[in-house]
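So you can see what is in the structure, the chains are spelled out below.
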Amino acid sequence: MKIILGSKSPRRQELLQQIGVSFECVVSGKEEIITDTDPETVVRDLSAGKAEDVCARIRERYSGEETLIIGADTIVAYNNRILGKPAGKEEAFETLKMLQGKKHQVYTGVSLIYLPDGGDAETGFGFTECTDVYMKEMTDQAIRDYIDTGEPMDKAGAYAIQGLFAVNIEKISGDYNNVVGLPVARIYSEARERLGIDIVTGKRIMKACIFDLDGTIMDTLTSIAVTANQVLKELGLKPHPEENYKTYAGDGQIELIKRALEAAGDTGRKMFDQAMARYIELFKTGCTYEVRPYPEIRELLEELKKNNIKIAVFSNKEHDNVCSILRELFGEGYFDFILGQRPDHEKKPNSGGIDIILRAMDVDSNQCLYIGDTSTDMKTGTGASLFTVGVTWGFREEKELRDSGAHTIIHHPLELLQYI
């Protein structure tokens, strides 16, 4: 993951380096215009403007790369009055004379923008952090001696807590790093909790994976093709090559039969009711015919379970058939949750089923991956705001997955582990 700091401040850079974050600086060119008098509102708006400007600048450069942008702005305030950098020595003296022996506030606004693949999709939020700073009483001569060092001349509030002025700070209430310029502890915790990202490792923090069934976990193509072709034969229609069912499947059994009938010449679907009833009857036993997990799937699932990652299956196949297949191949209770087509939710790409699964597993959407092999799956995952992974070993081509919004593509099951 690429982490971008939208600031040229050496202090902010040092704080990120201190906690081990690898990042690149892309300085915002947005003009800082203050349109409010409330300090919290000002830092919130300025940090958001910086992050959005940097986002617009790097979209093309990092297209296809997972990216997190950090925008920040810090101000000093006394009695709700915003204090800028002093224009000269006399203004610096007046500011420090006003603050000495009293309490004032330092506000930092932080905006985070997460781009799953550097493209148009994005998730973001902002927050403000406030620290109370208590300054010791100072004589006029002590203030002028400090000003003569030159340190306060480019500092908001006319002092640097991390510099020579540290001897004049009685105490603080809040985050010291916030006064320096970046509340890194809160950025770290907020990114983990709200975006599921560890900014130190640059990895997503996942608690669950939801898998499609057909073409993703299980090679079910033969079972689908054999059953549907048997229905076509009984109706006096020509069966299709097994390969054709890769495009017929994926949107539930109703669409499967409609597509198979139309391709066999029943363009008006006059035989649909008869065909559908017969397919349902045959598939009760045929749903497990020559069904097998794809290579490396068992190893992947075992690795996820070892790392306490919850695993679920979401399919447009009838719920009882999904349960039968997974029970026969993996045993009872192997998956944390299984959901096939049931009356309590619409079929994919509607994301209602995803909501059911997330609630059942007590997992937030930003802590879950969705993995599938069709455009329907990509729309399902992205529609539910899940990081969505397209797989190329299933029923559809890579181009379809990318065109349908996949955040990333993998070609072998164990490649998924890099996103955990």
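Quantities reported herein were computed from a predicted structural model and do not represent experimental measurements.

## Topic: unusual backbone geometry
The step from Lys-348 to Pro-349 runs through a cis peptide bond, and the omega angle for that step is 15°. Within the secondary structure layout, Pro-349 lies in the loop between strand E14 (337-341) and helix H13 (352-361). For Asn-80, which is not glycine, the phi dihedral falls at a positive 70°. By the secondary structure assignment, Asn-80 is in the loop between strand E3 (67-78) and strand E4 (81-83). The exposure class of Asn-80 is partly exposed, given its relative accessible area of 46%.

## Here we look at the environment of Gln-418
By the secondary structure assignment, Gln-418 is in the segment after strand E17 (408-410). Residues Gln-418 and Gly-265, spaced 153 residues apart in sequence, show a C-alpha to C-alpha distance of 46 Å.

## Digging into the nonpolar core
Counting residues in hydrophobic clusters, the biggest one holds 97 residues, and the most contacted among them are Tyr-159, Phe-211, Tyr-245 and Phe-330. Ranked by residues supplied to this core, first place goes to helix H7 (residues 221-234) with six residues. Excluding its chain neighbours within four sequence positions, the residues that come into contact with Phe-211 are Thr-216, Ile-217, Leu-300, Leu-301, Leu-304, Ile-311, Ala-312, Val-313, Phe-314, Ile-371 and Leu-416. Listed in part, the 15 residues of the second largest apolar core include Ala-312, Ile-356, Met-361 and Leu-386.

## Some remarks on the packing of aromatic side chains
Overall, the coordinates contain eight aromatic pairs when judged by the stated rule. Between the aromatic rings of Tyr-146 and Phe-165, the centroid separation amounts to 4.8 Å while the plane-to-plane angle is 50°, which identifies the pairing as tilted. Of this pair, Tyr-146 sits in helix H4 (residues 140-148) while Phe-165 sits in the loop between H4 and strand E7 (169-173), and the two are 19 residues apart along the sequence. With a relative accessible area of 6%, Tyr-146 lands in the buried category.

## Observations concerning H4
Restricting attention to buried positions, one finds in H4 the residues Ile-143, Tyr-146 and Ile-147. Taken around the axis of H4, the buried residues stretch over an arc of 100°, which confines them to a single face. Residues Gln-141 and Asp-148 are exposed on H4 and point more than 90 degrees away from its buried face. The secondary structure elements touched by the buried residues of H4 are helix H3 (89-99). Directly beyond the C-terminal end of H4, a positive phi value near 85° is found at Gly-150.

## Details of helix H9 (residues 253-263)
The complete set of buried residues in H9 reads Gln-253, Leu-256, Ile-257, Lys-258, Ala-260 and Leu-261. Summarising the contacts, the buried residues of H9 are in contact with H7, helix H8 (245-248), helix H10 (272-286) and strand E13 (310-318).

## Thoughts on the pattern of salt bridges
Scanning the model with the defined rule gives 29 salt bridges in all. The residue Arg-396 makes a salt bridge to Glu-400 at a minimum N-O spacing of 3.0 Å. When salt bridges with common partners are traced through the structure, they connect Glu-129, Arg-186, Glu-190 and Arg-194 into a single cluster.

## So, the pairing of strand E10 (residues 208-211)
Here E10 shows a buried face lined by Ala-208 and Ile-210 and a second buried face lined by Cys-209 and Phe-211. Pairing geometry for E10 and E13, over four bridges, is parallel. Its bridge partner being in E13, Ile-210 is matched across the sheet by Ala-312. With four bridges joining them, E10 and strand E15 (residues 368-372) adopt parallel strand pairing. Each residue of the ladder has a partner; that of Cys-209, found in E15, is Leu-369.

## So, the side chain of Asn-177
Mapped onto the secondary structure, Asn-177 falls in helix H5 (residues 176-180). A relative accessible area of 16% means that Asn-177 is categorised as buried.

Analysis parameters
Each residue is numbered by its place in its chain's sequence as written, counting from 1. With the structure being a predicted model, the display of local features is reserved for residues of pLDDT at least 70 and the display and counting of side-chain atom pairs for 80 or more, all residues being used for whole-chain, interface and lining totals. As a rule here, side-chain values cover all heavy atoms of the structure and leave hydrogens and water aside. Think of it this way: any DSSP run of H or I at least four residues long counts as a helix, any run of E at least two long counts as a strand, and we number them from the N terminus. With a 1.4 Å probe rolled over the protein chains alone, any residue whose accessible area is under 20% of its type maximum counts as buried; one over 50% counts as exposed, and the rest are partly exposed. We call a set of buried residues a nonpolar core when its members are Ala, Val, Leu, Ile, Met, Phe, Trp, Tyr or Cys and they connect through side-chain atoms within 4.5 Å of each other. Note on contacts: a residue pair qualifies if any of its non-hydrogen atoms lie within 4.5 Å across the two residues. Planes of paired rings set the category: under 30 degrees apart is stacked, over 60 is edge-to-face and the rest tilted, where pairs are Phe, Tyr or Trp rings (Trp by its six-membered ring) whose centres lie within 6.5 Å. The reported arc concerns the directions from the helix axis to the C-beta atoms and nothing else. Salt bridges are defined by distance alone: a side-chain nitrogen of Lys or Arg within 4 Å of a carboxyl oxygen of Asp or Glu. One bridge is not enough; two strands pair if DSSP finds at least two bridges between them.

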